[in-house]
Amino acid sequence: MAIDQETEMTDVQIDDFLRRRETGVLSLARTDEPYAIPISYGYDDGEREFYMRMVSTPDSEKRQFLESAPEARLVVYDEADSTYRSVIATGSLESIEPSELTPDEIAQHGNAKRPLFEIWAEGKDALNIELYRLTPTSLDGRRTEVDREK
């Protein structure tokens, strides 16, 4: 398999791609420690911001990372036939108080899908559910065509 063509996606192509997807991998980093999780998001293409709900237990590794105000990178990707697309958003996560949400932000959080099933070792009472916004400092997309015959 050889790369036939690789191109940068335009802002319009990036926005269209992100609107049509709903999941990606969120990576958080602090000092020399990485942490990555699959995530569902809502995307506001007007503001070019991502909205997500984070569910964790008080002593979880996820909670420890979120409390450290880590740098974040969200990777959204897909493969269709011989075309691969990926978008990488880099920036900081901002916690949002529910009382401060605008109607548009509420709609974006509504677009962040929940898993179809949930398994928690602890009861739901022990879960922290927080809302976050990622306003990227960089948002880059790439489209790669591969020739599967080579």
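Refer to the structure above for everything that follows.
Just so you know, these numbers come straight off a predicted model, no measurement behind them.

With that settled, the discussion passes to the pairing of strand β7 (residues 83-96). Pairing between strand β6 (residues 71-80) and β7: 10 bridges, direction antiparallel. Bridge pairing in β7 links E71 to S92. Between β6 and β7, which pair antiparallel in sequence order, lie two residues; one of them, D81, sits at a positive phi of approximately 55 degrees. Note: β7 against strand β8 (residues 128-147), 14 bridges, orientation antiparallel. In the strand pairing of β8, G91 is matched with P136.

With that settled, the discussion passes to the pairing of strand β3 (residues 33-40). For strand β2 (residues 23-30) and β3, the ladder comprises eight bridges, and the chain directions are antiparallel. Note that in β3 the partner of S27 across the bridge is A36. Here β2 folds back onto β3, and the loop between the two strands holds two residues, one of which, T31, carries a positive phi near 40 degrees.

What follows covers the nonpolar core. In terms of nonpolar packing, the biggest core is built from 25 residues, with L18, L26, F50, M52, M54, L74 and L93 touching the most fellow members. Of all the secondary-structure elements, those providing two or more residues to this core are α1 (11-20), β2, β3, β5 (49-56), α2 (61-67), β6, β7 and β8. Setting aside its immediate chain neighbours within four residues, F50 contacts L18, Y41, G42, Y43, L74, A89, Y132, R133, L134, P136 and L139.

On to the pattern of salt bridges, then. Under the counting rule described, the total for this entry stands at nine salt bridges. The salt bridge partner of D16 is R19, with a shortest N-O separation of 3.3 Å. In this pair, D16 and R19 are both assigned in helix α1, three residues apart and thus about one turn of the helix distant. You can call D16 partly exposed: its relative accessible area is 27%. Measuring nitrogen to oxygen at the nearest pair gives 2.6 Å for the salt bridge that ties R143 to E145. E145 gets classed as buried once you look at its relative accessible area, which sits at 16%. Taken together, the salt bridges that share partners define one network made up of D16, R19, R20 and D45.

Within the fold, G42 resides in strand β4 (residues 42-44). Accessibility expressed as a relative area gives 1% for G42, which makes it buried. Along the primary structure G42 and L18 are separated by 24 residues, whereas in three dimensions their C-alpha atoms are 8.9 Å apart.

Here the focus is unusual backbone geometry. Within the chain, R48 stands out as a residue other than glycine whose phi angle is a positive 60 degrees. With respect to the helices and strands, R48 occurs in the loop between β4 and β5. Taking relative accessible area as the criterion, R48 reaches 22% and is therefore assigned partly exposed. A positive phi is found at D81, a non-glycine position, where the angle reads about 55 degrees.

Reading the values: rules and limits
- Residues numbered from 1 in each chain as written.
- Predicted model: local features only at pLDDT ≥ 70, side-chain atom pairs only at ≥ 80, totals over all residues.
- Heavy atoms only, no water.
- Pairing = 2+ DSSP bridges.
- Helix = DSSP H or I, 4+ residues; strand = E, 2+ residues; numbered from the N terminus.
- Core = buried A, V, L, I, M, F, W, Y, C linked by side-chain atoms within 4.5 Å.
- Buried < 20%, exposed > 50% of the residue type's maximum accessible area, 1.4 Å probe, protein only.
- Contact = heavy atoms within 4.5 Å.
- Salt bridge = Lys/Arg side-chain N within 4 Å of Asp/Glu carboxyl O.

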